[in-house]
Amino acid sequence: MKRIWIVLLVLLSLAPALAQSSDAIWNVDYYDNPYLAGDRVHNETVSRLAFNWGVGSPAPNVPEDDFSLRASTRVFLPAGTYRFYLLADHGAALEVDFRPVISNMRDGEGRPGELLTVELILEAGTHHFQVDHRGLGHESYLYFTWADLATNPTGPNFPDPIGIPTEGGPWIVQYFDNTEWRGDPAQTQEVNAIGLDWGFDPPVPGVNRDDFTVRAVADVFFPAGDYRFWVLADDAVRLAIDFDPIIDTLDDPQPDEVISEDVTLEQGFHRISIHLREYSLNAFLYLDYRDLATNPTGPSFPNTGTQPSSGGPWTAEYFNNTNLSGSPIVIQSEPAPSHNWGVSAPFPNMPADNFSARWSTTQYFDGGD
């Protein structure tokens, strides 16, 4: 048996596409004080800054009152004049390309419930955004968005708060090149289901094939009922619902063993999170869940496989430059390198001009010419 790596490189020069705030992937650090001081106590990746925590805690280890957060992202924008909107219950601040443009964080400076705006002329390219927030008590919320004034002069059009996403995901998956989920993720991607089988290969570029960790998060709507959850992983895994672990083998790995747990859920959206720790040899992660009243049999894990009959999957990496440099803007699995984008961008957060892409796969071949 021979394994042969096949790599395709595509350099395309085709008009920039408009980027929207919904295209961003945000890294959010939470602190257990209102001053962004000390070490963060929680980290997550979200697709938008739209939070309404009410009187509850925003995340594990974070107090209901007197907390702070820092969120950052990088987004490609065409040249134009943009209006930025920021709304929070207490202090909030915005930096664009590391330059403060809204500052409302100092003691006594907060303007709760007041819509803060700023207009900026930006050149075409990738821009860094940072939003800081402090919640001091009562009901806490934070919303941020922007609009190109040439095409969308009215606003703001804030997205629905997190916790009310579209049914079924998608999953945000983060990869860490260490065994403790430390630091910033080496790669972040979105998938529709947790059926990941990396075999003996690195899970994504920039991560070793051994001694790595993965964190996957989704907000999923469930009708009220009793549910059974199954996980299959190598090596150790923790499955939590609404931050409460229901399966945890991180201290007692049970590789290759299907583990299940039954839970009763109220109707509504629930946060599902999975932490995987991989030590050595092959690596995979599968999740399935069923309503026991209507579909008690299982599991039926989504199958991506390492040698699928379709000749894939291919790992596709897309870059917002023509030389495959830096970190890819998008990483996803595809059945084959087969696209016809015409004059459009391959993704909303990429330009239609001057980008590059790389596809790679592991294929099985019998010996021969």
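Scroll up to find the structure.
Everything in this summary refers to the structure shown in the same document. Note on numbering: residues in each chain are counted from 1, in written sequence order. Where local features are concerned, this predicted model is filtered to residues with pLDDT of at least 70; where side-chain atom pairs are given and counted, the filter is 80 or more; whole-chain, interface and lining totals use all residues. As a rule here, side-chain values cover all heavy atoms of the structure and leave hydrogens and water aside.

1. So, the environment of isoleucine 25
So, step 1. Think of it this way: any DSSP run of H or I at least four residues long counts as a helix, any run of E at least two long counts as a strand, and we number them from the N terminus. Looking at the secondary structure, you find isoleucine 25 in the loop between β1 (2-12) and β2 (26-31).
So, step 2. Residue class for isoleucine 25 comes out partly exposed when judged on its relative accessible area of 31%.
So, step 3. In this view, isoleucine 25 contacts Thr45, Val46, Ser47, Ser72, Thr73, Thr188 and Glu190; residues no more than four positions away in its chain are not counted. The cut-offs for exposure are 20% and 50% of the maximum accessible area for each residue type, with area from a 1.4 Å probe on protein chains only; residues under the lower value are buried, those over the upper are exposed, and the others partly exposed. The contact criterion used is simple: two residues touch if any of their non-hydrogen atoms lie within 4.5 Å.

2. Quick notes on the sheet that holds strand β16 (residues 225-234)
Across a sheet, paired strands are connected by hydrogen bonds in the backbone, their directions being either parallel or antiparallel.
So, step 1. Taken in spatial order, the four strands of this open sheet run β14-β21-β16-β19, and their pairing is antiparallel. The outermost strands of the open sheet, each flanked by one partner alone, are β14 (195-199) and β19 (259-265). Strand-to-strand, the axes of this sheet are offset by a mean angle of 20 degrees, without reference to chain direction.
So, step 2. Two strands form a pair only when DSSP identifies at least two bridges running between them. As defined by bridge partners, β16 adjoins β19 across seven bridges and the pair is classed as antiparallel. Bridge pairing in β19 places aspartate 226 opposite threonine 264. Angles here are taken between N-to-C directions and fall from 0 to 180 degrees, while the axes themselves are lines fitted to C-alpha atoms, restricted in helices to the stretch in contact.

3. Focus on the pattern of salt bridges
So, step 1. Definition used for salt bridges: Asp or Glu carboxyl oxygen within 4 Å of a side-chain nitrogen of Lys or Arg. Applying the stated criterion across every chain, the model contains eight salt bridges.
So, step 2. Residues aspartate 29 and arginine 40 are paired through a salt bridge, measuring 2.8 Å at the closest nitrogen-oxygen approach. Residue aspartate 29 is located in strand β2, and its partner arginine 40 is located in the loop between β2 and β3 (42-46); the two are separated by 11 residues in the primary sequence.
So, step 3. The salt bridge partner of glutamate 119 is arginine 83, with a shortest N-O separation of 2.4 Å. Residue glutamate 119 is located in strand β9 (residues 116-122), and its partner arginine 83 is located in strand β6 (residues 80-88); the two are separated by 36 residues in the primary sequence.
So, step 4. Of the residues examined, glutamate 119 reaches a relative accessible area of 45% and is grouped as partly exposed.

4. Re the side chain of arginine 215
So, step 1. Inspection of the secondary structure assignment puts arginine 215 in strand β15 (residues 212-222).
So, step 2. Neither His nor the chain ends contribute to the count of charged residues, in which Lys and Arg are positive and Asp and Glu negative. Buried and unpaired, arginine 215 has no salt bridge, with aspartate 29 as the nearest side chain of opposite charge at 7.5 Å.
So, step 3. We call two N or O atoms a polar contact when they sit within 3.5 Å, provided that within protein one can donate a hydrogen and the other can accept it, with sequence-adjacent residues counted only if both atoms are side-chain atoms. Separated by 2.7 Å, the side chains of arginine 215 and asparagine 43 make a polar contact.

5. Quick notes on the sheet that holds strand β7 (residues 92-96)
So, step 1. Read across the sheet, six strands follow the order β3-β2-β5-β10-β7-β8 without closing on themselves; strand pairing throughout is antiparallel. Since the sheet does not close on itself, it has two edges, and those belong to β3 and β8 (99-104), each with one partner. Across this sheet, the average inter-strand angle for adjacent strands is 15 degrees, counted without regard to direction.
So, step 2. Judged from the five bridges that link them, β2 and strand β5 (residues 67-77) form a sheet pairing that is antiparallel. Directly across from valine 28, in β5, lies its bridge partner alanine 71.

6. Here we look at the environment of tryptophan 230
So, step 1. Mapped onto the elements of the fold, tryptophan 230 is located in strand β16.
So, step 2. Residues tryptophan 230 and tyrosine 286, 56 residues apart in the sequence, show an inter-C-alpha distance of 8.1 Å.

7. Some remarks on the pairing of strand β13 (residues 187-191)
So, step 1. Only one face of β13 is covered, namely the face carrying Gln187, Gln189 and Val191; the face carrying Thr188 and Glu190 is uncovered.
So, step 2. Bridge count for strand β12 (residues 171-176) against β13 is five bridges, and the pairing is antiparallel. Directly across from isoleucine 172, in β13, lies its bridge partner glutamate 190.

8. Quick notes on the pairing of β7
So, step 1. Within β7, four of the five residues are buried, which leaves the element mostly enclosed by the surrounding structure.
So, step 2. Both β7 and β8 contribute to a ladder of five bridges, which runs antiparallel. Residue pairing for β8: glutamate 95 is matched across the bridge by proline 100.
So, step 3. Joining the antiparallel neighbours β7 and β8 is a turn of two residues, in which aspartate 97 adopts a positive phi near 55 degrees.
So, step 4. Relative to strand β10 (residues 125-135), β7 runs antiparallel, the two sharing five bridges. Counted as the bridge partner of leucine 94 is valine 131 from β10.

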